[in-house]
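Here are the chains, one letter per residue:
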Amino acid sequence: MKIVIPGGTGQVGTVLDRALTAAGHEVVILTRRPAHDREVRWDGESLGPWAQVIDGSDVVINLAGRSVSCRYTAANLRAMMDSRVNSTRVVGEAIAAAARPPRVWLQMSTATVYAHRFDAPHDEATGVIGGGEPGVPGYWGYSVEIAKAWELAQERAETPHTRKVALRSAMVMSPGRGGVFDVLLWLVRLGLGGPVAGGAQYVSWIHDQDFVRAVEFLIDRDDLTGPVNLASPGPLPQRAFMRALRAARGVPAGLPATKWMAELGAFALRSDTELLLKSRRVVPGRLLAEGFDFAYAEWSAAADDLVGRVRDRIRSTGRPVGA
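Residues numbered from 1 in each chain as written. Predicted model: local features only at pLDDT ≥ 70, side-chain atom pairs only at ≥ 80, totals over all residues. Heavy atoms only, no water.

Q: Give me a nonpolar patch on the surface: which residues, what numbers.
A: Together, Val 183, Trp 186, Leu 190, Leu 192 and Leu 255 line one region of the surface with nonpolar side chains, adding up to about 440 Å² of accessible area. The residue Trp 186 is located in helix 4 (residues 180–189) in this model. (Patch = residues over 30% accessible without salt bridge, like charges linked within 9 Å, V, L, I, M, F, W, Y side chains within 5 Å. Areas by Shrake-Rupley, 256 points an atom, 1.4 Å probe, with all protein chains shown as cover. Salt bridge = Lys/Arg side-chain N within 4 Å of Asp/Glu carboxyl O. Helix = DSSP H or I, 4+ residues; strand = E, 2+ residues; numbered from the N terminus.)

Here is the structure:
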């Protein structure tokens, strides 16, 4: 198959590119700064020559959007909104204009669309969309509005010959450098991998190999449309999540952090505490109902595998094993 991945140079795109290419597919990446073969320049906002690679393709997987790993200032939140909505809109325009449109368009979305809650998990049928929860920072609601607008841009696209799926993805855990797992493992190595603000908030996640397998599953299943949660069936409280990661790394303890300490840490990392403090208890209702089998349903096994792969990577580069 010919698979086009707009915004495919980030962590998730790299994971997909590597796996899909290894499986024998022709993968083309749309990026603002092409640097390698199979990369084509686009601006993520307007139609251009890049649209030719979509015409005649089999699958489009749109991952484009400004990284959420930043301070949630008004300017950055607006950039997140604009980059997601504009790129989705223009991908839809390219598909609509294609003489031979792709048969499926997988559009990245986010599990952040669901409400901050502790009492019950969110699946696609019964999950509560967030935005009005009491006692949380007001700007958390804007993150939900971004997610809703992101999905709406795909929904509104006039692509009658192309099946559309919105990927409500949890955090993708990959051993690559610079991703969320890399940051979490770094904190554990420093002895800082303890509970944050009590650690009762739920962490939803998906192992990178299950993410790829779920994408392949959705490509193959011509009957599935609309939002699909890409998350393991085993979300768990942050304190238990970090305990399992410490065990995988062989670190017996991690210093806890209060909310204000988390604020200082997020500021130092140029990130935001929503990523740490929002309770995301998301489960893959549709995937499980359709028979998808997770290789890594529980975090302890996933953490063991990921830590082992980090160690293998370090050994292969000839550096001391300090992961």
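Q: Describe in detail the pattern of salt bridges, supporting the description with residues and values.
A: Tallied over the entire structure, the rule returns 15 salt bridges. For the salt bridge of Arg 89 with Glu 93, the shortest nitrogen-to-oxygen distance reads 3.1 Å. Residue Arg 89 and its partner Glu 93 are both found in helix 2 (residues 74–97); the two are separated by 4 residues, about one turn of the helix. A relative accessible area of 32% means that Glu 93 is categorised as partly exposed. The residue Glu 145 makes a salt bridge to Lys 148 at a minimum N-O spacing of 3.2 Å. Taken as a pair, Glu 145 and Lys 148 lie in helix 3 (residues 139–156) at a separation of 3 residues, close to a single helical turn. Assessed through its relative accessible area of 35%, Glu 145 is described here as partly exposed. With relative accessibility at 36%, the residue Lys 148 sits in the partly exposed group. (Buried < 20%, exposed > 50% of the residue type's maximum accessible area, 1.4 Å probe, protein only.)

Q: Pulling in residues and values, what's your account of helix 5 (residues 208–220)?
A: An ideal rise of 1.5 Å per residue puts 18 Å on 13 residues; helix 5 measures up with 19 Å between its terminal C-alpha atoms. Within helix 5, the full set of buried residues consists of Asp 208, Asp 210, Phe 211, Val 212, Ala 214, Val 215, Phe 217, Leu 218 and Ile 219. (Expected span 1.5 Å × (residues − 1).)

Q: Pulling in residues and values, what's your account of unusual backbone geometry?
A: At Arg 38, a residue that is not glycine, the phi angle is positive and equals roughly 75 degrees. In this structure Arg 38 comes out as partly exposed when scored by relative accessible area, which is 39%. Non-glycine residue Ala 197 carries a positive phi angle of around 50 degrees. Within the fold, Ala 197 resides in the loop between helix 4 and strand 8 (202–203).

Q: A description of the sheet that holds strand 6 (residues 163–169) should follow, citing residues and the corresponding values.
A: The 7 strands are arranged 3-2-1-4-5-6-10 in an open sheet whose pairing can be described as parallel. Each end of this open sheet is capped by a strand with a single partner; those strands are strand 3 (39–41) and strand 10 (226–230). Each strand of the sheet is rotated relative to its neighbour by a mean of 25 degrees, with strand direction disregarded. Sheet topology places strand 1 (residues 2–6) next to strand 2 (residues 26–31); 5 bridges connect them, and they run parallel. (Pairing = 2+ DSSP bridges. Axes fitted to C-alpha atoms, helices over the stretch in contact; angles between N-to-C directions.)

Q: Go over the pairing of strand 2 with me, naming the residues and quoting the values.
A: Burial analysis of strand 2 places 5 of its 6 residues in the buried class, which makes it a mostly covered element. Between the parallel elements strand 1 and strand 2, the chain passes through helix 1 (residues 11–22) in a crossover that is right-handed. Note: strand 2 against strand 3, 3 bridges, orientation parallel. Looking at strand 3, one finds that Ile 29 is bridged to Glu 39. (Right-handed = clockwise from strand over helix to strand, strands pointing away.)

Q: Tell me about the nonpolar core, and name the residues and values.
A: Ranked by internal contacts, the top residues of the largest apolar core, which has 32 residues, are Leu 16, Ile 61, Leu 218 and Leu 230. Contributions of two or more residues to this core are made by strand 1, helix 1, strand 2, strand 4 (59–62), strand 5 (104–108), strand 6, helix 5 and strand 10. In terms of residue count, the dominant contributor to this core is helix 5 (7 residues). If we ignore the near neighbours within four places in the chain, the residues touching Leu 218 are Leu 106, Arg 163, Val 165, Leu 167, Leu 224, Val 228, Leu 230 and Leu 287. (Core = buried A, V, L, I, M, F, W, Y, C linked by side-chain atoms within 4.5 Å. Contact = heavy atoms within 4.5 Å.)

Q: Before we move on, can you summarise the side chain of Lys 164 with the specific residues and values?
A: Turning to its location among the elements, Lys 164 is positioned in strand 6. With residues near it in sequence (within four places) discarded, Lys 164 still touches Trp 105, Gln 154, Glu 155, Ala 157, Thr 159, Thr 225 and Gly 226.

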